[in-house]
Every structure is written in structure tokens, then in C-alpha cells.
Amino acid sequence: MATFRASRLLLCSSTSSSSSSCCRREMTRATINMPKLINGGTLSLKLPRLTTRGLVEELELRNGYSNSNTTVLSNPPMISPNGSPSPKVSDSMVIAKLYAIMEAVADRVEMHKNIGEQRNNWNTLLLTSINAATLAAATMSGIAATAAAASVGAAAGAPIGALKLSSTFLYLAATGMMAIMNKIQPSQLAEEQRNAARLFKQLHGEIQTTISIGSPSINEVKDAMERVLALDKAYPLPLLGAMLDKFPATVEPAVWWPQKRQTRQTRGGLGGRNNGNGWDSNLEQEMRKIVGVLKRKDKADYLKLGEKALKLNKILAISSPLLSLLAAFGSVFLGSPSHGSWAAVFGVVAGALSSVVNTFEHGGQVGMVFEMYRSNAGFFRLMEESIESNLKEREVERRENGKLFEMKVALQLGRSLSELKDLAASSSSSIQDKASEDDQFASKIF
């Protein structure tokens, strides 16, 4: 019995010693993984780098297994079948250049808008000032002529001389301001800046659309740069040295787009081929007929109207300062015994007529009307060149999509697609019958 207890005690002691050794080993293993204390009693923790793999994927990789569904965050560049990078992957530098051009275009929109408002204020202020000076001078001339006719003796000579001198100075000042105003045509300058602001805003929207669609290329950057420079040339901001001629010898449509190289002309068209990037022989014939209507009716009509407005503006620009100058000479001879009658007529009537002519020219904004006609003719010329450049392209894949292009032309002319086809059909019948007066204009907007 004692022997059994002794063996039992030995077994327990051996068991306890083995368990204590295991516990010591476990404790030792645990203390190895415990974080170390640094000065101040704070813990120094070194966290492992985070990975994008899940726990199960990490265990599989440690055990030698591979998972084909592992997610990779970094997208490699798309490679086309021929080994070159896909064109859908845009160069960051190209996008940065387009954004830089957009910023410049937005700045130009604000500049042209502000300068347009300023030059419209010029037109209003100069017109009011010149008319006030002219009417004041005419009133003084009339008072001086009346006083000279009713004066007795030399006592009235001083007031009459003061009125004559004041009237002459006012007429001469009004003549100089009229000459400057007729030279620069503030109403036409304001219309130029309004057109420039609208076109720059349109360019800004097109660049934004190009970036939003994606995959812009260096060609879009070059095209945007050329269009910005062409607009700067068509609608300059400074007056001295760069101002457009307000009285040109011939009326030409406004050109605000870069002149591209002419492509080789297609000899036989598409023939009977259909679905060639939306183009077919019927659509080509339709576009050719629309170009004919634009040249024959719309652009020609606005050029004729522009010539009439230019002639009228020339007559008015010469007449108003000439009448004011005659009134100044008349006011000088007021009260003269030999020239008193005609001096009074010139001093009063010519001054009043000068004010009327100046009001009709700048109050009616004849220069602005001429610029509007010139701009409308340029719009139709741009449409012609756009259609002809697509028709002259031999490879239809390099053209703009035919259906999309037809819709754009219809919208620019203010017509539906069915009305556009009817216009082409009516133009062919009017060409056969030249005496027909049913030939209609292509545009329903202007």
C-alpha cells in the first residue's frame, strides 16, 4: 500500500513537472511575441504591412496553393493584339494639355465678354455726348443769329461773340469725336466681341466633351490650339494695329476656323455601297445638293445684305462729320452783314442734321448689322467646307459618321431630317427649272 502511494506520488510529481515544463515552454513562447517596453513605459508596436489579400488567400499561399481569383489593385496597361498599347488608354500629358487649353479658353471668354460690354458702353456714351454737344452748339448758333439780327449798337457784340465762339468749339469737338467714332465703329466692335465670346464658349464645351468621352489624342490638342489661334486672329482684342477694317473694299464672310489641308477628291463616290460608316450614295447626293443651296441662296443673300449695309454705313460715316464741320464754319460767320443768312442756315440746320445722321448710324447700330451679316455668311461657309471635306475624303472610315453628320447639319439649319431630305429634293427640281421662284433658303434660323 505504501509502495502504491509512493509510485502514485512519483507519477504525480513527474506529471506535474512535465506540465510545468510545458507551461514554461508555452510561457516562453508567449513572451517572445510580447511587445517590448521602451523608455516611458510605452509600447513599441511594429505593424505588418497591409496586403489586399484575404485571410483564406494568405493561408493558401503559405501552404503552397494558388488562387486564380486574387484581386489585383494596380491595373496594367491594356495591350492590343499587335502588342502596342491600346488607344483607349489616354496619355496623362495629353489630358493635362487639354485642361490647360480649356483654362485659356475660359479666360478668353471672360475677356471678350467684358470688353464687349465696355465697347457697347462706348457706343452709348459717345453717341449721347456727341449729340448733346451738337444740339447745344446748334442752339447757341440760333441764339447768336437771333441776337445779331435784333442787336442795336456795339453793346450786344460781346455776348454774340461768346455764343459764336462756344458754338464753333462745340462743333469742332463733335466733329473730331464723330470721326473717331465712325472709324472704330463701337457697335461693330461690341458685336465682334459677342461673337468671339460665343465661339470660345462653344470651343470650351467641345474640349470638355472630348475629355469626358475619353481617349483624347495629341491630334485633339493640336486642333484645339489651332482653333484658339484662329479665333484670336479673327476677333482681335486690341484696337491699335490689329483692329479689323470696318470699311473693307469687298465683303467677305468671317473666317474663325483654321484652314485645313484639302483632301483628295473622291472620283466615283461610294456607288452602290451601303453602311459605309453611315454613308451611302443617296446621302452623298443629298449633302451635295444642300451645299449648292447654301452657296446659291443663304451665303449669297447675306453677302448682298452685307454690301448694302456697308454702303449705307460709309455714307452715314462721311455725312455726319461733314455736316458738323459745315455747321462749325457757319457759326463762325454768324452776324456778318454779308454772310449772315446762309451762316445761320449752316450753323443751325447743318448741326441738327448732323445729330440726326449720327443718331441713325450709331443708335441704329448699322456697323453691328454689317458684322452680323458677315458672321452669318461665315457660318454658312463653315458648313460648306465641313460638308465638302467629308465628301472629298476617299476612305469613308475616316469620315464623320454619316447619320450623325446628317443630324448635325439638320440641327444647324433648324430642320428635321425629313425636312432636310425635302430641301435636297426641292433644290434639284429648282435647278432644272431655273425660272422657278420656289427655291427656298436652307436655314430656318437666320
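All values derive from a computational prediction rather than experimental measurement.

Reading the values: the criteria
- Residues numbered from 1 in each chain as written.
- Predicted model: local features only at pLDDT ≥ 70, side-chain atom pairs only at ≥ 80, totals over all residues.
- Heavy atoms only, no water.
- Helix = DSSP H or I, 4+ residues; strand = E, 2+ residues; numbered from the N terminus.
- Buried < 20%, exposed > 50% of the residue type's maximum accessible area, 1.4 Å probe, protein only.
- Contact = heavy atoms within 4.5 Å.
- Areas by Shrake-Rupley, 256 points an atom, 1.4 Å probe, with all protein chains shown as cover.
- Salt bridge = Lys/Arg side-chain N within 4 Å of Asp/Glu carboxyl O.
- pLDDT = per-residue confidence, 0-100.
- Axes fitted to C-alpha atoms, helices over the stretch in contact; angles between N-to-C directions.
- Parallel < 35°, antiparallel > 145°, perpendicular 65-115°, else oblique.
- Left-handed = near helix turned anticlockwise from the far one by under 90°.
- Nonpolar A, V, L, I, M, F, W, Y, C, P; charged D, E, K, R; others polar.
- Patch = residues over 30% accessible without salt bridge, like charges linked within 9 Å, V, L, I, M, F, W, Y side chains within 5 Å.
- Phe/Tyr/Trp six-rings, centres within 6.5 Å; stacked < 30°, edge-to-face > 60°.
- Lys NZ or Arg CZ within 6 Å of the ring centre and 35° of its normal.

A.B. asks: Run through the overall build of the protein chain, naming residues and quoting values.
C.D. replies: Scanning the protein chain from terminus to terminus reveals eleven helices and zero strands. Taken from N to C terminus, the helices and strands of the protein chain fall in the order α-α-α-α-α-α-α-α-α-α-α. A buried classification covers 33% of the 446 residues belonging to the protein chain. In the protein chain, the share of contacts with a sequence separation of at least 24, taken over all contacts with a separation of at least 6, comes to 80%. About 27300 Å² of surface is accessible on the protein chain, with carbon and sulfur atoms providing 61% of the total.

A.B. asks: Give a detailed account of the pattern of salt bridges, specifying residues and quantitative values.
C.D. replies: For the coordinates displayed, the defined rule picks out 15 salt bridges. Two residues, Lys421 and Glu286, come together in a salt bridge whose shortest N-O distance is 3.5 Å. Placement of the pair is Lys421 in helix α11 (residues 417–432) and Glu286 in helix α7 (residues 281–332), with a sequence separation of 135 residues. Salt bridges sharing partners connect three or more residues here, namely Glu284, Arg288 and Arg399.

A.B. asks: If you had to explain the confidence of the model for the protein chain to someone new, which residues and values would you point to?
C.D. replies: Per-residue pLDDT for the protein chain has a mean of 79; in total, 72% of the residues score no lower than 70. For the protein chain, helix α1 (residues 2–33) is the element with the lowest average pLDDT, namely 42, and helix α5 (residues 186–213) is the one with the highest, namely 95. Long-range and interchain partners of residues 1–89, a stretch whose pLDDT sits below 50, account for 32 contacts in this model, where long-range means more than four residues apart.

A.B. asks: Explain the packing of helix α3 (residues 92–150) against helix α6 (residues 218–234) residue by residue, including any values.
C.D. replies: It is the contact of α3 with α6, at a shortest axis distance of 9 Å, that shows an interaxial angle of 20°. It follows that α3 is roughly parallel to α6 by the angle criterion. The hand of the α3/α6 crossing is left-handed. For the pair formed by α3 and α6, the contact residues are Val94, Lys97, Leu98, Ile101, Val105 and Arg108 on the first element and Ile218, Glu220, Val221, Ala224, Met225, Val228 and Asp232 on the second.

A.B. asks: Help me get a handle on the packing of α5 against α6, residues and values and all.
C.D. replies: It is at 11 Å that the axes of α5 and α6 come closest, and there the two elements cross at 175°. Classed by the angle they form, the pair α5 and α6 counts as roughly antiparallel. Contacts from Leu199, Phe200, Leu203, Glu206, Ile207 and Thr210 in α5 reach Glu220, Ala224, Arg227, Val228, Leu231 and Asp232 in α6. Here the contact of α5 with α6 is composed, by residue class, of seven nonpolar, one polar and four charged.

A.B. asks: Could you give me a rundown of a nonpolar patch on the surface, with the residues and numbers involved?
C.D. replies: A cluster of nonpolar side chains, Ile318, Leu322, Leu326, Val332, Phe333, Trp342 and Phe346, forms an exposed patch at the surface whose accessible area comes to about 610 Å². Elements supplying a minimum of two residues to the nonpolar patch: α7 and α8 (340–363).

A.B. asks: For the environment of Glu191, give the residues involved together with the corresponding values.
C.D. replies: Of note, Glu191 is situated in helix α5. A C-alpha to C-alpha distance of 5.7 Å links Glu191 and Met368, two positions 177 residues apart in sequence.

A.B. asks: Go over the packing of aromatic side chains, please, and point to the residues and values.
C.D. replies: Taken as a whole and assessed by the stated rule, the structure comprises seven aromatic pairs. Pairing Trp256 with Trp257 gives two aromatic rings, centres 5.2 Å apart and planes at 90°, and the pair type is edge-to-face. The positively charged end of Lys297 is found above the aromatic ring belonging to Phe441, 4.6 Å away from the centroid. Its guanidinium or amino end placed over the ring of Trp279, Arg399 lies 5.0 Å from that ring's centre, counting from NZ or CZ.

A.B. asks: Give me the lowdown on unusual backbone geometry, citing residues and values where you can.
C.D. replies: The phi dihedral of Gln185 falls on the positive side, at around 50°, and the residue is not glycine. Turning to its location among the elements, Gln185 is positioned in the loop between α4 (157–184) and α5. Residue Gln185 is classed as buried on the basis of its relative accessible area, which comes to 0%. The backbone of Ser215 shows a phi angle near 55°, a positive value even though the residue is not glycine. Relative to the helices and strands, Ser215 resides in the loop between α5 and α6. In this structure Ser215 comes out as partly exposed when scored by relative accessible area, which is 36%.

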